Amino acid sequence: MTPPTASTARVRTRFAPSPTGALHLGNARTAILNWLFARRHGGAFVLRLEDTDTERAVAGGEEMIYEALDWLGIPPDEGPREGGPFPPYRQLARAERHRARAEELLESGKAFRSGGETAIRLRIESGPVEFTDLLKGTLAIDGDDLGDLVLVRSDGRPTYNFAVAVDDIEMEISHVIRGVGHLSNTPKQVLLYRAFGVEPPAFVHIPTVLAPGGGKLSKRRGAAGVLDYRERGFHPDAVLNYLSLLSWSSEDGEEFLSREALVERIDLDRLGAADAEVDEEKMTWLSGQHLRAEPAEQLARDWAPRLDVEGLGLDDADLRRAAEVFAKRTRLHSDVTSEVEPIYRAPETGGSAARELLSAPASETAIRLAHAAWADTAWRPEPLATALRGAMRDAGLAGRTFFPPVRVALTGQLHGPDLGEVAYALGRERTLSRLSSAMPSAPAAGGDGAGGDPI
Ligand code: GLU
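As the structure is a computational prediction, the values presented were derived from the model and not from experiment. (Residues numbered from 1 in each chain as written. Predicted model: local features only at pLDDT ≥ 70, side-chain atom pairs only at ≥ 80, totals over all residues. Heavy atoms only, no water.)

A. Highlighting the overall build of the chain. The helix and strand tally for the chain stands at 20 helices and eleven strands. Taken along the three principal axes of its C-alpha coordinates, the chain extends 105 × 45 × 40 Å. By the burial criterion, 50% of the 455 residues in the chain qualify as buried. Sequence separation of at least 24 residues holds for 71% of the intrachain contacts in the chain that already meet a minimum separation of 6. Here the chain displays about 20200 Å² of accessible surface, and carbon together with sulfur accounts for 49% of that area. (Helix = DSSP H or I, 4+ residues; strand = E, 2+ residues; numbered from the N terminus. Buried < 20%, exposed > 50% of the residue type's maximum accessible area, 1.4 Å probe, protein only. Contact = heavy atoms within 4.5 Å. Areas by Shrake-Rupley, 256 points an atom, 1.4 Å probe, with all protein chains shown as cover.)

B. Just unusual backbone geometry, in detail. Here the amide bond leading from Pro-87 into Pro-88 is cis, since omega sits at -5 degrees, within 30 degrees of zero. Turning to its location among the elements, Pro-88 is positioned in the loop between helix H2 (61-72) and helix H3 (95-107). For Glu-172, which is not glycine, the phi torsion reads 55 degrees and is therefore positive. With respect to the helices and strands, Glu-172 occurs in the loop between helix H4 (160-170) and strand E8 (175-179). Residue Glu-172 is classed as partly exposed on the basis of its relative accessible area of 48%.

C. Geometry of the environment of Leu-135. Mapped onto the fold, Leu-135 is located in the loop between strand E5 (128-133) and strand E6 (137-142). When near neighbours in sequence (up to four residues on either side) are disregarded, Leu-135 contacts Val-204, His-205, Ile-206, Pro-207, Leu-268, Leu-271 and Gly-272.

D. Here's a closer look at the packing of helix H18 (residues 399-411) against helix H19 (residues 419-426). Running from N to C, H18 and H19 point in directions that differ by 20 degrees, and their axes come no closer than 11 Å. Classified by the interaxial angle, the pair formed by H18 and H19 is roughly parallel. Handedness of the H18/H19 crossing: left-handed. For the pair formed by H18 and H19, the contact residues are Phe-403, Val-406, Arg-407, Leu-410 and Thr-411 on the first element and Leu-419, Val-422 and Leu-426 on the second. (Axes fitted to C-alpha atoms, helices over the stretch in contact; angles between N-to-C directions. Parallel < 35°, antiparallel > 145°, perpendicular 65-115°, else oblique. Left-handed = near helix turned anticlockwise from the far one by under 90°.)

E. Representation of the site of the ligand in the model. Close to the ligand lie Arg-14, Ala-16, Pro-17, Ser-18, Glu-50, Tyr-160, Val-164, Arg-178 and His-182. Within the side chain of Glu-50, one N or O atom sits 2.6 Å away from a nitrogen atom of the ligand. Interatomic distance of 2.8 Å between a side-chain N/O atom of Arg-178 and an oxygen atom of the ligand. For the ligand, whose unbound accessible area comes to 300 Å², protein coverage reaches 83%. Counting atoms within 2 Å of the grid points, the majority share of the ligand lands in the largest pocket. Within the shell around the ligand, the residues separate by chemical class into four nonpolar, two polar and three charged. (Near = heavy atom within 4 Å. Polar contact = N/O pair within 3.5 Å; in protein donor to acceptor, adjacent residues only side chain to side chain. 1 Å grid on protein atoms, 1.4 Å probe; cavity = no way out; pocket = protein on both sides within 12 Å on 5 of 7 lines; lining within 4 Å. Sits in = over half its atoms within 2 Å of the grid points. Nonpolar A, V, L, I, M, F, W, Y, C, P; charged D, E, K, R; others polar.)

F. Structural detail: the packing of aromatic side chains. The final tally for this structure, using the stated rule, is five aromatic pairs. Each ring, one from Tyr-229 and one from Phe-234, has its centre 5.2 Å from the other, and the planes form 70 degrees; the classification is edge-to-face. For Tyr-229, a relative accessible area of 0% corresponds to the buried category. Judged by its relative accessible area of 2%, Phe-234 falls in the buried class. Geometrically, the ring pair formed by Trp-374 and Trp-379 is edge-to-face, given 6.4 Å between the ring centres and 75 degrees between the ring planes. Both residues of the pair, Trp-374 and Trp-379, belong to the buried class. The cationic tip of Arg-101 hangs over the ring face of Phe-196; the distance from NZ or CZ to the ring centre is 4.7 Å. (Phe/Tyr/Trp six-rings, centres within 6.5 Å; stacked < 30°, edge-to-face > 60°. Lys NZ or Arg CZ within 6 Å of the ring centre and 35° of its normal.)

Any link to function would need more than the numbers given here.
Encoded structure:
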């Protein structure tokens, strides 16, 4: 969709959630498309809190919305927290504005007060109300079928459609991108634009996000709240990437897209109209891709709170090396506990079968050879792996007898990642010390193991 071309036109999108609980995936997707579209066209992304339904509002609802938007990395440009040129950004606080705009329509004769009631209603002319939706084309509804359009109730409270239209007009919203569930509200809002003599914005009613396996998103059907995916260890960029591409695909079919690439490619004309089910397998795959693409320093920071850093004696350098080599083995941040922790745990905590292996006579030879091979090797995964294989070949040993004792000496495990990577992740000092400790006849490991020649 191309942005409006009038000289005054500037892309302004808005996300207008009600603070009624955790932000679910469907609403998050609406927010994401609005954010991407605004970014794409150098416009503004506005958060307007539709908090007029005070009965359904929950305490902390606004904070939950912000927490989700911040986690997804799509903070608004204007909103209750940010401020902006069209305050206030909470709908309830705009009630005076709504009432004033209703008075305006009363004065111009576009609205009326009926009989003894004090409710203000819009005068609806018969004939078609036409509007264009980007996905559905031009739709026409007969004005007579819209019934009464109350603007302000007799108790003075503005109605939902009136508040939305007034706010969208006053906030100069150029594109209304929202769930298809709001389609029936659109003709009523279009009538209000007409009454005010304002050109309606472009409308895009996007299809519904369904739970994995179909049906409405709910707590019972997988994680419905976007922050549940944070708890489960998904990379936020993957959730952003995945939800962006629901019902839409980039021109070249590329699916793994950074947020910059998404901003560059977002094209609402390519949105499909069919409802889309959440596919967690795909989201998990994308999480792995985004995790891998992240700089090791950042990944180390993400992982630190998930690992028993103190208990395992990890420092920043350890975390960085772990991030460097284990990113490709993890798809969710939460995988680090199963993939990374076992490497650093004391080898003595491994299983008894593994420890048993160390008492085999051939084991000590293998461990000695590994220690000797690594003592002077550049501490990178590839040279470490090459040096270890070289030592094995020189000694005429087979991999199945040579590698397992070295692995057990390092991690207490019988299986795991490539030993060059394990040694690299453990670091020189820890690696050599663990090897020394696993050799019963070796001189005392002395804790550091890096200096001297214990063999
Ligand atoms: N407050 C509405 C909702 O939470 C959105 C209204 C709109 O986008 O027009 O669904």
